[in-house]
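Analysis of the macromolecular model
Listed below, chain by chain, are the residues.
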Amino acid sequence: MTQDDSILLAPVVIRQLLMRSAAALLTVAAALREVPTHGWSTAAVSAGAVACGLSPAAHGLAPSGPIELVRYFSQRCDLQMLAHLHSQQEAMRPLEVQNRLVLAMQTRLRMIEPYVHSWPQALALRALPSNLAESLADAHALTGLFLDLCGEEVRAPVSPVADEKIKRLALP
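Figured I'd write up the structure that's included with this text. (Residues numbered from 1 in each chain as written. Predicted model: local features only at pLDDT ≥ 70, side-chain atom pairs only at ≥ 80, totals over all residues. Heavy atoms only, no water.)

**Side note on the environment of threonine 42**
Along the polypeptide, threonine 42 turns up in helix 5 (residues 42-51). The class of threonine 42 is partly exposed, set by a relative accessible area of 33%. Note: C-alpha distance between threonine 42 and leucine 69 (27 residues apart in sequence) is 9.1 Å. (Helix = DSSP H or I, 4+ residues; strand = E, 2+ residues; numbered from the N terminus. Buried < 20%, exposed > 50% of the residue type's maximum accessible area, 1.4 Å probe, protein only.)

Here's what the structure looks like:
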């Protein structure tokens, strides 16, 4: 895969990141550094705004509240995982498909490690009814990334009726 392919692998993630204003993006990025202190909360977004030289009321740059912080982190991790695994492409090629999948999942899970103590709060935000549609769309996009990172062998049909949608549903 080329660098151009990696852009095609994550169109939803990239589009969502580009749609944010620069101030909102900087505020949410700064707020991520506040998560260990304030958790996945409006207080973290306010502290991020202050760190950017803005008023604490600038947490309104994230109109959906702390879920935007969780989504930003997840989308950033998805892009970092893509970049890391593309750099490891030659080492991954001889692995069996299931081992490539395990490697991709482990890589993605390690990115959560700095936030492991507050991650249940992030998951609770994702599970709120008002956030569920976006959370499911993000999970669907992530499973697509996993499938794409596993290589072309994944595209071979498992059975005549099994297509990519069924394969995505089969991922944990």
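Now that the structure is up, let's keep going.
**Structural notes on the packing of helix 3 (residues 22-32) against helix 5**
Between helix 3 and helix 5, whose axes approach to 7 Å, the crossing angle comes to 115°. It follows from the interaxial angle that helix 3 and helix 5 lie roughly perpendicular. For the element pair helix 3 and helix 5, the recorded crossing hand is right-handed. Every residue of helix 5 that contacts helix 3 at Thr27, Ala30 and Ala31 is listed here: Ala44, Val45, Gly48, Ala49 and Ala51. For the contact of helix 3 with helix 5, the residue count by class is six nonpolar, two polar and no charged. (Axes fitted to C-alpha atoms, helices over the stretch in contact; angles between N-to-C directions. Parallel < 35°, antiparallel > 145°, perpendicular 65-115°, else oblique. Left-handed = near helix turned anticlockwise from the far one by under 90°. Contact = heavy atoms within 4.5 Å. Nonpolar A, V, L, I, M, F, W, Y, C, P; charged D, E, K, R; others polar.)

**Some details on helix 8 (residues 97-110)**
Taking 1.5 Å per residue as the helical rise, helix 8 with its 14 residues ought to reach 20 Å, and the 20 Å between its terminal C-alpha atoms agrees with that figure. When helix 8 is considered as a whole, its buried residues turn out to be Arg100, Leu101, Ala104, Thr107 and Arg108. The buried residues of helix 8 occupy one face: seen down the axis, they fall within an arc of 130°. (Expected span 1.5 Å × (residues − 1). Arc of directions from axis to C-beta.)

**Re the pattern of salt bridges**
All chains considered together, the criterion is met by five salt bridges. Note that glutamate 90 and arginine 93 form a salt bridge whose closest N and O atoms lie 2.9 Å from each other. With respect to burial, glutamate 90 and arginine 93 carry one shared label: exposed. Taken together, the shared-partner salt bridges in this structure form one network comprising Arg71, Arg126, Glu134 and Asp138. (Salt bridge = Lys/Arg side-chain N within 4 Å of Asp/Glu carboxyl O.)

**Considering the nonpolar core**
Ranked by size, the top nonpolar core spans 31 residues in total, and within it Leu32, Trp40, Leu69, Phe73 and Met81 carry the most contacts. A per-element tally of this core places helix 6 (residues 66-87) first, with nine residues. Beyond its immediate stretch of four places on either side in the chain, leucine 32 contacts Trp40, Leu69, Tyr72, Phe73, Arg76 and Tyr115. (Core = buried A, V, L, I, M, F, W, Y, C linked by side-chain atoms within 4.5 Å.)

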